[in-house]
Amino acid sequence: DAGVTQSPTHLIKTRGQQVTLRCSPKSGHDTVSWYQQALGQGPQFIFQYYEEEERQRGNFPDRFSGHQFPNYSSELNVNALLLGDSALYLCASSLGTELNTIYFGEGSWLTVV
Amino acid sequence: GIQVEQSPPDLILQEGANSTLRCNFSDSVNNLQWFHQNPWGQLINLFYIPSGTKQNGRLSATTVATERYSLLYISSSQTTDSGVYFCALTGGGADGLTFGKGTHLIIQP
């Protein structure tokens, strides 16, 4: 049983560019959440998707957007990249809001230069 | 929003030692969990423990929700226990997890 898979694992982008990160949830999970983890910090909640809708959002600007597909996979898009967007982006899946079922992927390391 | 404080921020121990990691939180919370982040960045669930005590091998955790703290105990530490330990929870109507800053644990052989 595959866990949460994310792609790409590492990428480098230039300031002002746009990036798309992808996530496939654990089998049987229908809810996907995205987190940003800056170096030396704990992860911060970006948003959560359920039934292809954004259910809740953390304190992130509109440059961060997402999408959930009918097969429950998800994308995170970040526009107009800033140096401060450099971080590890973690995807997590769960069964609805039952966070006792949450699983995290290995993350996508984004460097903005 | 909910405040989560973890202590100590850093901990260096010899193999075989025991340790206690603490998580304090500022309000009534739900879904309190402990995670271990390995050097490659993946977060591994250790305990889902909104209240009470649980044990899994050399690890155990206790949450006293009325006093707003949780403790993670690691006994007979091994070098593979090294990494960052995070406490995370939900509260204040938020569905997303709020994480502490973590405890960076180094176990030396």
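Look up: the structure comes first, before these words.
Thresholds, definitions, all that
Residues numbered from 1 in each chain as written. Chains lettered and ligands numbered in written order. Predicted model: local features only at pLDDT ≥ 70, side-chain atom pairs only at ≥ 80, totals over all residues. Heavy atoms only, no water. 1 Å grid on protein atoms, 1.4 Å probe; cavity = no way out; pocket = protein on both sides within 12 Å on 5 of 7 lines; lining within 4 Å. Points joined across faces, edges and corners; volume = space filled by probe spheres on them. Helix = DSSP H or I, 4+ residues; strand = E, 2+ residues; numbered from the N terminus. Nonpolar A, V, L, I, M, F, W, Y, C, P; charged D, E, K, R; others polar. Pairing = 2+ DSSP bridges. Axes fitted to C-alpha atoms, helices over the stretch in contact; angles between N-to-C directions. Disulfide = S-S within 2.5 Å. Buried < 20%, exposed > 50% of the residue type's maximum accessible area, 1.4 Å probe, protein only. Contact = heavy atoms within 4.5 Å. Buried area = accessible area lost by both parts, 1.4 Å probe. Salt bridge = Lys/Arg side-chain N within 4 Å of Asp/Glu carboxyl O. Polar contact = N/O pair within 3.5 Å; in protein donor to acceptor, adjacent residues only side chain to side chain.

Let's shift gears to the layout of surface pockets. Here the largest pocket is characterised by a volume of approximately 550 Å³. What lines the largest pocket is a set of 24 residues, and nearest its centre among them are P43, Q44 and F45 of chain A together with T98 and F99 of chain B. Where the lining of the largest pocket is concerned, the elements lending two or more residues are β5 (44-50) and β6 (53-57) of chain A together with β10 (98-99) of chain B. Its residues assigned to classes, the lining of the largest pocket shows nine nonpolar, 13 polar and two charged. Considering only enclosed or pocket space, the second largest pocket measures out at about 440 Å³ in volume. Together, 25 residues line the second largest pocket, and Q37, L39 and G40 of chain A together with Q37 and V84 of chain B are the ones closest to its centre. Put simply, the parts of the chain that give the lining of the second largest pocket at least two residues each are β9 (87-95) and β11 (108-112) of chain A together with β9 (83-90) and β11 (103-108) of chain B. Residue composition of the lining of the second largest pocket, grouped by class: 10 nonpolar, 13 polar and two charged.

Across a sheet, paired strands are connected by hydrogen bonds in the backbone, their directions being either parallel or antiparallel. Residues and elements named next belong to chain A. Taken together, four strands build an open sheet; the order of strands is β1-β3-β8-β7 and the sheet is antiparallel. Both edges of this open sheet fall to β1 (5-7) and β7 (64-68), since each of them pairs with a single strand only. Each adjacent strand pair in this sheet contributes to an overall mean axis angle of 20°, direction not counted. Relative to strand β8 (residues 74-78), strand β3 (residues 19-24) runs antiparallel, the two being bridged by five bridges. In the strand pairing of β8, V19 is matched with V78.

So, on to the state of the cysteines. A disulfide bridge is the covalent bond that connects two cysteines by way of their sulfur atoms. All names here are of chain B. The full count for this structure, using the stated rule, is two disulfides over all chains. The disulfide partner of C23 is C87, and the S-S distance across this bridge is 2.0 Å. Handedness of the C23-C87 disulfide follows from its S-S torsion of about -55°: it is left-handed. On the criterion of sequence distance, the pair formed by C23 in strand β3 (residues 19-25) and C87 in strand β9 is long-range, its members being 64 residues apart. C23 gets classed as buried once you look at its relative accessible area, which sits at 0%. Look at C87 and you get buried, because its relative accessible area is 0%.

Now for the interface of chain B and chain A. Listed per partner, the contact involves 20 residues of chain B and 21 residues of chain A. Summed over both sides, the interface between chain B and chain A buries roughly 1600 Å², with carbon and sulfur atoms accounting for 51% of that surface. Taken together, the connections running from chain B to chain A amount to zero salt bridges. For the pair chain B and chain A, the number of links is four residue pairs in polar contact (both at pLDDT 80 or more). Counting only elements with at least two residues in the side of chain B that touches chain A, the list comes to β4 (30-37), β5 (43-48) and β9 of chain B. Among the elements that take part in the side of chain B that touches chain A, β4 of chain B stands out by supplying four residues, more than any other. Tallied by class, residues from the side of chain B that touches chain A come to eight nonpolar, 10 polar and two charged.

All names here are of chain B. What the five strands build is an open sheet, ordered β1-β3-β8-β7-β6; its pairing is antiparallel. In this open sheet, the two strands that pair with only one neighbour each are β1 (4-7) and β6 (52-56). Within the sheet, the average angular offset between the axes of one strand and its neighbour, ignoring direction, is 15°. Pairing between β3 and strand β8 (residues 69-74): six bridges, direction antiparallel. Counterpart to R22 in the pairing with β8 is L71.

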